[in-house]
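Coordinate inspection notes
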Amino acid sequence: MSDHKNPTRSSGAASARKHTALPKAQTLIEALPWLTRHYGKTVVIKFGGNAMVDEDLKAAFAQDVVFLRHAGLRPVVVHGGGPQITAQLDRHGLESEFKAGLRVTSPEAMDVVRMVLAGQVQRELVGLLNEHGPLAVGITGEDGHTITATKHRPTIDGQPVDIGRVGEISAIDTGVITALLEDGRIPVVSSIARAEDDGHVYNVNADTAAAALAAGLGAETLMVLTDVEGLYEDWPHSDEVISRLTATELEKLLPDLSSGMVPKMEGCLHAVRNGVTTARVIDGRVPHSILLEIFTDSGIGTMVVPDGQAPAGAQGDQ
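The model shown is predicted, which means the values in this text are computed figures rather than measured ones.

Before going further, it helps to examine the packing of helix H6 (residues 206-217) against helix H8 (residues 262-272). In contact at an axis separation of 8 Å, H6 and H8 are set at 10 degrees when each is read in the N-to-C sense. Relative to H8, the element H6 lies roughly parallel. In contact with Asp 207, Ala 211, Ala 212 and Ala 215 of H6, H8 contributes Pro 263, Lys 264, Gly 267, His 270 and Ala 271. Grouping the amino acids of the contact of H6 with H8 by side-chain chemistry returns 5 nonpolar, 2 polar and 2 charged.

Moving on to the sheet that holds strand S14 (residues 244-246). With respect to topology, 8 strands assemble into an open sheet ordered S5-S10-S2-S1-S13-S15-S16-S14, the strand pairing being mixed. In this open sheet, the two edge strands, each paired with only one partner strand, are strand S5 (136-140) and S14. Ignoring which end each strand starts from, the neighbouring axes of this sheet average 20 degrees apart.

Attention now moves to the confidence of the model for the protein. Per-residue pLDDT for the protein averages 87, and the proportion of residues at 70 or more is 88%. Note that pLDDT drops below 50 for residues 311-318; the model gives that stretch 23 contacts with residues more than four away or on any other chain.

Here we come to the packing of helix H3 (residues 82-91) against helix H4 (residues 107-130). Where H3 meets H4, the closest approach of the two axes is 9 Å, and the angle between their N-to-C directions is 125 degrees. Judged on the interaxial angle alone, H4 and H3 are oblique. Considering only the axes of H3 and H4, their crossing is right-handed. Residue-level contacts link Gln 84, Ile 85, Gln 88 and Leu 89 of H3 to Ala 109, Val 112, Val 113, Met 115, Val 116, Leu 117, Gln 120 and Val 121 of H4. When its residues are assigned to classes, the contact of H3 with H4 shows 9 nonpolar, 3 polar and no charged.

The end-to-end C-alpha separation of helix H2 (residues 55-70) is 23 Å, in line with the 22 Å expected for 16 residues at 1.5 Å each. Among all positions in H2, only Leu 57, Lys 58, Ala 60, Phe 61, Ala 62, Asp 64, Val 65, Val 66 and Leu 68 are buried. One side-chain oxygen at the N-terminal end of H2 lies 3.0 Å from the backbone nitrogen of Asp 56; it belongs to Asp 54. One or two positions beyond H2, positive phi appears at Gly 72, with a value near 100 degrees.

Right, let's talk about the nonpolar core for a bit. Residues Ile 45, Phe 61, Leu 129, Ile 290 and Phe 295 are the most contacted members of the largest nonpolar core, which totals 42 residues. The set of elements that each furnish at least two residues to this core consists of helix H1 (7-38), strand S1 (42-47), H2, H3, H4, strand S10 (186-190), strand S13 (221-226) and helix H9 (289-295). The dominant element in this core, judged by the number of residues it contributes, is H4, at 11 residues. Apart from residues lying up to four places away in sequence, Ile 290 is in contact with Ile 45, Phe 61, Asp 64, Leu 68, Met 223, Leu 225 and Ile 282.

Here is what the cut-offs are and how they apply
- Sequence order sets the numbering: in each chain, residues are counted from 1 along the sequence as written.
- Thresholds applied to this predicted model are a pLDDT of at least 70 for local features of residues and 80 or more for the giving and counting of side-chain atom pairs; totals over whole chains, interfaces and linings are not thresholded and use all residues.
- The side-chain figures draw on all heavy atoms in the structure; neither hydrogens nor water molecules are used.
- Between the N-to-C directions of two axes lies an angle of 0 to 180 degrees, each axis being a line fitted to C-alpha atoms and, for a helix, fitted only over the stretch in contact.
- Helix and strand assignments follow DSSP, with helices taken as H or I runs no shorter than four residues and strands as E runs no shorter than two, numbered in order from the N terminus.
- Any angle that is under 35 degrees is reported as roughly parallel, and any over 145 degrees as roughly antiparallel; angles of 65 to 115 degrees are reported as roughly perpendicular and all others as oblique.
- We call two residues in contact when some of their heavy atoms are within 4.5 Å.
- Any residue that is not Ala, Val, Leu, Ile, Met, Phe, Trp, Tyr, Cys, Pro, Asp, Glu, Lys or Arg is counted as polar, Gly included; the first ten are nonpolar and the last four charged.
- Strands were regarded as paired on the criterion that DSSP finds at least two bridges between them.
- Per-residue confidence from the prediction method is given by pLDDT, with values spanning 0 to 100.
- Two helices crossing with the near one rotated counterclockwise from the far one by less than a right angle form a left-handed crossing, whereas a clockwise rotation gives a right-handed crossing.
- Between the first and last residue of a helix there are one fewer steps than residues, each counted as 1.5 Å, and that sum is the expected span.
- Only protein chains enter the accessibility calculation, which uses a 1.4 Å probe. A residue is then buried if its area is under 20% of the maximum for its type, exposed if over 50%, and partly exposed in between.
- Here a polar contact is taken to be a pair of N or O atoms separated by no more than 3.5 Å, where protein atoms must pair a possible hydrogen donor with a possible acceptor and residues adjacent in sequence count only if both atoms sit in side chains.
- Residues belong to one nonpolar core when they are buried, are Ala, Val, Leu, Ile, Met, Phe, Trp, Tyr or Cys, and are joined through side-chain atoms within 4.5 Å.

Quick look at the structure:
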């Protein structure tokens, strides 16, 4: 009996392996210019929507963020926790009430908000990220005076309204986050703020917090995960997504946007007008949407750029 292997069979198997691996190589090559552009840059990601409650999407999100870190980027994750807060308030017999699109937050409700964001949502997300190594560190806006706020009183029918412990960001201190990034960690930030003046703790909108932190960090990109494909051209008459628009173009659209999109798009506008290169609203229902947006030629979602940036299609726009 011969010990020699069949050369034809061996050659055929190798050819098949090469063939199936080729698309993977092409995908990596497509990502190369984006890897080069974003290397060493800070990316702030607002984690929310369906991606927060779907187990598969949560796992995919964690993989994406860890991939960014290992690809040489500096990701920072900011999260809220609306569905989880509502569920916990129900368990405590506390009513969920909204005014001007914001949750009315009594002192009792604030205790629940603090517990859910810092003790439940953040811990789960840190755990998912740390399945891939000792990377993620959870903080809240209270830590190191990262986010400072004053009491927010929205105007309804021309009158300021008291909605409890809801804060308006007055200052950002990025010292703790920068130290974590320099140490190779992934900061995971809960959108709770310390008070500037009255000793309380405030609940702040996570979209607003992410935008303020992106500006404070001089981030390359702000990415906001949503439950829609992006900003629609003429909703509800059309489902055509606007792929790219300038700050001024977005500002003109703001008065006509749905209430849920307003804080997200206001955050994008604030970011690009305060030093952030691009702000993107992407569909968090799509697995690995973050990687698709940053590392492919086409990208997904809606990108907001500062006024006067190079025309669409220029190198590095997507």
